[in-house]
Amino acid sequence: MNSMKSSLLTIITISAFGLLTACNKAPETGDSTAEKTSTNAAPAAEAPDPSLPEKKVEITGNDTMKYDVMAIEAKPGQKVTVTLKNVGTIPKLSMGHNFVLLAPDMDPIKFLEASQTSMGTDFIGPEVKNKV
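Residues numbered from 1 in each chain as written. Predicted model: local features only at pLDDT ≥ 70, side-chain atom pairs only at ≥ 80, totals over all residues. Heavy atoms only, no water.

Q: Teacher, can you tell me more about the environment of Lys66 here?
A: With respect to the helices, strands and loops of the structure, Lys66 is situated in the loop between strand 1 (55-61) and strand 2 (80-86). A relative accessible area of 56% places Lys66 in the exposed class. Counting along the chain gives 31 residues from Lys66 to His97, while the straight-line C-alpha distance between them is 9.8 Å. Setting aside residues up to four positions removed in sequence, Lys66 forms contacts with Thr60 and Gly61. (Helix = DSSP H or I, 4+ residues; strand = E, 2+ residues; numbered from the N terminus. Buried < 20%, exposed > 50% of the residue type's maximum accessible area, 1.4 Å probe, protein only. Contact = heavy atoms within 4.5 Å.)

In structure tokens:
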């Protein structure tokens, strides 16, 4: 059972990292201003721009942990609605899919490290939940 749980966490971690970095942005490294800010402070939200049309994105995931959308582009202030559709047949417990949009100042690797054992909260660690 432990090896199955370990394998599941590895799969989830790999697939989550793939989705989180799908926009071809490398995780921030070094001594940047963003890293100096407190990990408890969420970045300021962009004010909604009513002149921009809503962008609707459907991401489809399958049993091979691949997504059909590799990047989402939107303008600052544009409302974006994301729907995640699982077309796989393996049960959610062993092959569930999720979508997490991180704050710009959240390092995806640090997010995964803090969240990989948080199964009860959909793999979002309590210390980083304000960065989602």
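Q: Please explain the side chain of Asp107 as it appears in this structure.
A: For Asp107, the position within the fold is in the loop between helix 3 (92-95) and helix 4 (108-115). One buried charged side chain, Asp107, makes no salt bridge at all; its nearest oppositely charged neighbour is Lys110, positioned 4.7 Å away. (Lys, Arg positive; Asp, Glu negative; His and termini not counted. Salt bridge = Lys/Arg side-chain N within 4 Å of Asp/Glu carboxyl O.)

Q: Is there a simple way to explain the pattern of salt bridges in this structure?
A: Side chains bearing opposite charge may pair, as long as their charged atoms lie close to each other. Taken as a whole and judged by the stated rule, the model has one salt bridge. A salt bridge links Asp105 to Lys131, with the nearest nitrogen and oxygen atoms 2.7 Å apart. Placement of the pair is Asp105 in the loop between helix 3 and helix 4 and Lys131 in the segment after helix 4, with a sequence separation of 26 residues. Side by side, Asp105 and Lys131 carry an identical accessibility label, which is buried.

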